[in-house]
Amino acid sequence: MGTQTAEETFTLEEILASVKDSNRLILWNDDTNTFEHVIHCLMYHLQYTEPQAEKIAWKVHTEGKCAVLEGTFTEMEIYRKILKAEGLTVSVE
């Protein structure tokens, strides 16, 4: 019986982002998630206060996106996966 490993591939954009000193986690507006769900996720996973999370949710709603966290590519990728699992639309820049 052979050993199988999962192969992970990266785009050029992801590789270049990983060598930057700082990357941003971007939360995008969508027509799926409620304000309450977005606010809950920001408070639960990113430890924002309720007023901070509400302000971010309104910014996303009115401007289409908002940077919600900044750090290394690896950190942002972890949080991107967490928030994506919650159904939010997020990316790392």
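Residues numbered from 1 in each chain as written. Predicted model: local features only at pLDDT ≥ 70, side-chain atom pairs only at ≥ 80, totals over all residues. Heavy atoms only, no water.

- The name that an unreviewed UniProt entry assigns to the protein is ATP-dependent Clp protease adaptor, with the source organism given as Sphingobacterium thalpophilum.

1. Describing the pattern of salt bridges
Right, so step 1: Scanning the model with the defined rule gives three salt bridges in all.
Right, so step 2: Note that Arg24 is salt-bridged to Glu93, the shortest N-O span being 3.0 Å. Of this pair, Arg24 sits in strand 1 (residues 23–28) while Glu93 is found in the segment after strand 3 (89–92), placing the two residues 69 residues apart along the sequence.
Right, so step 3: Glu93 sits in the partly exposed class, given a relative accessible area of 30%.
Right, so step 4: As a salt-bridge pair, Glu77 and Arg80 come within 2.6 Å of each other at their nearest N and O atoms. With Glu77 and Arg80 both in helix 4 (residues 73–85), this residue pair falls three residues apart, about one helical turn. (Salt bridge = Lys/Arg side-chain N within 4 Å of Asp/Glu carboxyl O. Helix = DSSP H or I, 4+ residues; strand = E, 2+ residues; numbered from the N terminus. Buried < 20%, exposed > 50% of the residue type's maximum accessible area, 1.4 Å probe, protein only.)

2. Examining the packing of helix 2 (residues 35–46) against helix 3 (residues 50–63)
Right, so step 1: Where helix 2 meets helix 3, the closest approach of the two axes is 9 Å, and the angle between their N-to-C directions is 130°. With respect to helix 3, the element helix 2 is oriented oblique. Note on packing geometry: the crossing formed by helix 2 with helix 3 is right-handed. Across the interface between the two elements, Phe35, Val38, Ile39, Leu42 and Met43 of helix 2 pack against Glu50, Ala53, Glu54, Ile56, Ala57, Trp58 and His61 of helix 3. (Axes fitted to C-alpha atoms, helices over the stretch in contact; angles between N-to-C directions. Parallel < 35°, antiparallel > 145°, perpendicular 65-115°, else oblique. Left-handed = near helix turned anticlockwise from the far one by under 90°. Contact = heavy atoms within 4.5 Å.)

3. Things to note about the environment of Glu36
Right, so step 1: Its place among the elements puts Glu36 in helix 2.
Right, so step 2: Between the alpha carbons of Glu36 and Ala57 there is a distance of 9.0 Å; along the sequence they are 21 residues apart.

4. Re the nonpolar core
One recurring pattern in soluble globular proteins is that nonpolar side chains are buried together.
Right, so step 1: By size, the foremost hydrophobic cluster in this structure holds 19 residues, and its most contacted members are Leu25, Leu27, Leu42, Ile56, Val68, Leu83 and Leu88.
Right, so step 2: Sorting the residues of this core by element identifies strand 1, helix 2, helix 3, strand 2 (65–71), helix 4 and strand 3 as the ones contributing at least two each.
Right, so step 3: For this core, the leading source of residues is helix 2, giving five residues.
Right, so step 4: Once residues lying within four places of it in the same chain are set aside, the contact partners of Leu25 are Cys66, Ala67, Val68, Leu69, Met76, Tyr79, Arg80, Leu83, Val90, Ser91 and Val92. (Core = buried A, V, L, I, M, F, W, Y, C linked by side-chain atoms within 4.5 Å.)

5. Remarks on the side chain of Asp30
Right, so step 1: Position of Asp30 among the secondary structure elements: in the loop between strand 1 and helix 2.
Right, so step 2: The side chain of Asp30 sits in the buried core without any salt bridge; Lys84 is the nearest counter-charge, 12 Å away.
Right, so step 3: There is a polar contact of 2.8 Å between the side chain of Asp30 and the side chain of Asn33.
Right, so step 4: A polar contact of 3.2 Å, which involves the side chain of Asp30, links it to the side chain of Thr89.
Right, so step 5: Apart from the residues within four sequence positions on either side, Asp30 is in contact with Gly87 and Thr89. (Lys, Arg positive; Asp, Glu negative; His and termini not counted. Polar contact = N/O pair within 3.5 Å; in protein donor to acceptor, adjacent residues only side chain to side chain.)

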